[in-house]
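Commentary on secondary and tertiary structure
Chain by chain, the residues:
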There are 2 protein chains.
Amino acid sequence: MSNEFKDCLLPAELSQTGFSYTLSEISGKYKIEILYLLSIQGTRRFNEIKRTMGAISFKSLTNALQGLTNDHLITRHQFPEIPPHVEYQLSSRGKSLLPVLDAICLWGESHQPSAE
Amino acid sequence: MSNEFKDCLLPAELSQTGFSYTLSEISGKYKIEILYLLSIQGTRRFNEIKRTMGAISFKSLTNALQGLTNDHLITRHQFPEIPPHVEYQLSSRGKSLLPVLDAICLWGESHQPSAE
DNA sequence: CGGTATCCAAGAAGATACTG
DNA sequence: CAGTATCTTCTTGGATACCG
């Protein structure tokens, strides 16, 4: 296990760990939820994601999707149609986050107060 | 694996999953990093945490620690001394998050660009 | 030492209108 | 349909001063 206690973590050293790198890519109010959503639902269109996310604005969803696309965690496929048709799905890099998403999901299922 | 595709996720239903419950407890700019820090370093005092976190203000650290304490993810032990002496460490509930923390750490180690 | 209280600035996010 | 642009609002977070 990688969590034996170490007393050697120096100031500012935390920011050099893989831990912080992961956070830099998935932190943000909606990013992780979008990744989770796509991990469950597969390929989804812009407005399908928006509806499932509930109270999210166009702008915030656009920002989150662009950030995830720039980090190559999801792929964006635009069909040359009128009206426009854009689909998002997890990239292979995004799919490599599944262990993280699963761990988060499992913890919540077993620790939320009103668990079934 | 809990990530077979399901097409049954309805609008607003995402917020009822264990996934969202986990996020509600660990989201925030510093919470996860503090949990990770304590998972590595064990018991730490307020200013030790502050130094390791680098650029964090008293107020933000106080807020994060109080939030984590209220959610019973860490414990706060105050020694009746002058000057004050307060120690923080993961609670058993907090330790149950170790799989999540480990997953985040492992992904970062294997995916950050400058990984050795 | 380990906070709290106050004020202020910066960034995130919502609402709305408009576009290809 | 899937955005962009703009404006406004609101939440976070930082700086500072003070307290037990």
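See the structure printed just above.
Quick look at the structure, then. (Residues numbered from 1 in each chain as written. Chains lettered and ligands numbered in written order. Predicted model: local features only at pLDDT ≥ 70, side-chain atom pairs only at ≥ 80, totals over all residues. Heavy atoms only, no water.)

1. Here we look at the protein's contact with DNA strand C
Near DNA strand C lie 19 residues; those nearest to it are Lys59(A), Ser60(A), Pro84(A), Arg76(B) and Tyr88(B). Protein-proximal atoms of DNA strand C, defined as those within 4 Å of the protein, fall in sugar or phosphate at a share of 67%. In the environment of DNA strand C, a phosphate oxygen lies 3.0 Å from a nitrogen or oxygen atom belonging to the side chain of Tyr30(A). For DNA strand C, a phosphate oxygen lies 3.5 Å from a polar atom in the backbone of Val86(B). Counting residues per element, the ones that place at least two in the surface near DNA strand C are helix H4 (58-70) of chain A together with helix H3 (46-53), helix H4 (58-70) and strand E3 (85-90) of chain B. Tallied by class, the residues present in the surface near DNA strand C amount to eight nonpolar, six polar and five charged. (Near = heavy atom within 4 Å. Polar contact = N/O pair within 3.5 Å; in protein donor to acceptor, adjacent residues only side chain to side chain. Helix = DSSP H or I, 4+ residues; strand = E, 2+ residues; numbered from the N terminus. Nonpolar A, V, L, I, M, F, W, Y, C, P; charged D, E, K, R; others polar.)

2. Notes on unusual backbone geometry
Cis rather than trans, the peptide bond between Ile82(A) and Pro83(A) has omega equal to 0°. For Pro83(A), the position within the fold is in the loop between strand E2 (74-79) and strand E3 (85-90). The backbone of His72(B) shows a phi angle near 60°, a positive value even though the residue is not glycine. Within the fold, His72(B) resides in the loop between H4 and strand E2 (74-79). The class for His72(B) is exposed, based on a relative accessible area of 56%. (Buried < 20%, exposed > 50% of the residue type's maximum accessible area, 1.4 Å probe, protein only.)

Worth remembering: the numbers are spatial, not functional.
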